[in-house]
Amino acid sequence: MTISVIGLGLIGGSMAIDLKRRGFADKVLGVENEPVNASAAEKIGLVDKVVPFGEAVREGDIIIVAVPVGAAVRMLPEILDIFREIGATDKIVIDTCSTKSRIVRSVHYHPFRARYVATHPMAGTEYSGPWAAMPNLFDGRACIFANSEESDPKAVNTIEKMYDVLNMRPIYMNADNHDVHTAYVSHISHVTSFALALTVLDKEKDEKHIFDLASGGFSSTVRLAKSNADMWVPILSQNRDNVLQVIDTYIDKMKEFREAIADYDEDRIRGLIGEANRIKKILR
């Protein structure tokens, strides 16, 4: 089995490590446009060799597209075009992107659509680049399979086995539902973290001791603000409508807190916190 990983950052690099280490892949090829990152990926052993895009697609049995979703939407049809050109009815391409509706639609009518399996491994950190890759990143996490009924069943089964090697549990849903759910559980978390960081940075201009007093609560809340803009701009753009709806709901909840605090309404504040505490029953 030869795996080709396009994009050797946190997700692609971490997949490369474990798929080789756990025996699923005999050989791992990488594609990385940034020369410094490409050199680092080879030196630290993320891949056996960094090769050009076309060679990776032609040589790989499974092609993993682990680039920002804006680039992935453009890249996926090109990969399926190469499959068609060489008559590759046994190759599989997957993506790992955080939004699904647009990328699935981009190849809906492609004659080799069945060779594409849309996935989203729900794992990650705020760091990026080949240096961020780590073993065991995916252990115990969920992996979304979107619109899998449009893919060849044998291809889906192969990718299920691949994610099983990564110790991930599969969840199946359509692309539109996926984008709604990720807006609530992932995308809004990043937006609020970015906004909090901007708020504190703005205040820090006048009050130099804010960061000296920052505790673990602040660090964990603002951690996601370290995330890469090149990744998150296309995510928020492509999932615009869902993200806007969640932001509006979040603003409404912030207004409720503001009004209760402004009115010295301790009962209402306690009630809001009590309602929020119900999350403990879901997130244990």
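This text follows the structure it describes.
Attention in this report is confined to the structure presented alongside it. (Residues numbered from 1 in each chain as written. Predicted model: local features only at pLDDT ≥ 70, side-chain atom pairs only at ≥ 80, totals over all residues. Heavy atoms only, no water.)

1. A look at the pattern of salt bridges
Pairing between side chains of opposite charge can happen when their charged atoms approach one another. Filter applied, for reference: Salt bridges, as used here, are contacts in which a Lys or Arg side-chain nitrogen is within 4 Å of a carboxyl oxygen on Asp or Glu. Exposed residues in this analysis have more than 50% of their type's maximum accessible area, buried residues have under 20%, and partly exposed residues fall in between, with area computed by a 1.4 Å probe over protein chains only.
Throughout the structure, instances matching the rule amount to 14 salt bridges. For Asp18, the salt bridge goes to Arg22, with nearest N and O atoms at 3.5 Å. Classification of Asp18 as buried rests on a relative accessible area of 0%. Judged by relative accessible area, which is 26%, Arg22 ranks as partly exposed. A salt bridge links Asp48 to Lys20; the shortest N-O distance between them is 2.8 Å.

2. Thoughts on the packing of helix α10 (residues 240-262) against helix α11 (residues 266-277)
Note the following rule: Think of each axis as a best-fit line through the C-alpha atoms, taken over the contacting stretch in the case of a helix, with angles from 0 to 180 degrees between the N-to-C directions. Helix numbers and strand numbers start at the N terminus; a helix is a DSSP run of H or I with at least 4 residues, a strand a run of E with at least 2. An angle below 35 degrees is read as roughly parallel, one above 145 as roughly antiparallel, one from 65 to 115 as roughly perpendicular, and any other as oblique. In this scheme the crossing of two helices becomes right-handed for a clockwise turn of the near helix relative to the far one and left-handed for an anticlockwise turn of less than a right angle. Throughout, a contact is declared for two residues whenever any of their heavy atoms are within 4.5 Å. Residues were grouped as follows: Ala, Val, Leu, Ile, Met, Phe, Trp, Tyr, Cys and Pro as nonpolar; Asp, Glu, Lys and Arg as charged; and all remaining residues, including Gly, as polar.
Contact geometry of α10 with α11 gives a least axis separation of 8 Å together with a crossing angle of 150°. It follows from the interaxial angle that α10 and α11 lie roughly antiparallel. The crossing of α10 and α11 is left-handed. On α11, the residues that touch Glu256, Phe257, Ala260 and Ile261 of α10 are Arg268, Ile269, Leu272 and Ile273. Taken together, the residues that form the contact of α10 with α11 break down as 6 nonpolar, no polar and 2 charged.

3. Quick look at the nonpolar core
Within soluble globular proteins, side chains that are nonpolar generally end up buried alongside one another. Rules: We call a set of buried residues a nonpolar core when its members are Ala, Val, Leu, Ile, Met, Phe, Trp, Tyr or Cys and they connect through side-chain atoms within 4.5 Å of each other.
Ranked by internal contacts, the top residues of the largest apolar core, which has 35 residues, are Met15, Leu19, Ile64, Ile94, Ile159, Met162 and Tyr163. Elements with a contribution of two residues or more to this core: β1 (2-6), α1 (10-21), β4 (62-65), β5 (92-95), β7 (142-146) and α6 (153-165). By residue number, the principal contributor to this core is α1, which donates 6 residues.

4. Quick look at the pairing of strand β6 (residues 116-121)
Let me state the cut-off plainly: By the convention used here, strands pair only if DSSP detects at least 2 bridges between them. Here the term right-handed applies to a crossover when the path leading from its first strand over the helix to its second strand runs clockwise, the strands being oriented away from the viewer.
Burial analysis of β6 places 6 of its 6 residues in the buried class, the great majority of the element. Side chains Tyr116, Ala118 and His120 project from β6 onto one buried face, and the interleaved Val117, Thr119 and Pro121 project onto a second face that is buried too. Inspection of the sheet shows β5 paired to β6 by 3 bridges, in the parallel sense. The residue of β6 that forms the bridge with Val93 is Tyr116. As for the winding sense of the linkage, the β-α-β connection from β5 through helix α5 (residues 101-106) to β6 is right-handed.

5. Points about the state of the cysteines
Keep this limit in mind: Any two cysteine sulfur atoms lying within 2.5 Å of each other are counted as a disulfide.
Throughout the structure, instances matching the rule amount to 0 disulfides. Here Cys97 is not cross-linked by a disulfide; its sulfur's nearest cysteine counterpart is in Cys143, at 12 Å. The exposure class assigned to Cys97 is buried, which follows from its relative accessible area of 4%.

6. Side note on the sheet that holds strand β8 (residues 169-173)
On the basis of which strands lie adjacent, the open sheet formed by 8 strands has the order β3-β2-β1-β4-β5-β6-β7-β8 and mixed pairing. A strand with exactly one partner marks an edge of an open sheet, and here the two such strands are β3 (49-50) and β8. Relative to β5, β4 is paired through 4 bridges, and the arrangement is parallel. Looking at β5, one finds that Ile64 is bridged to Ile94.

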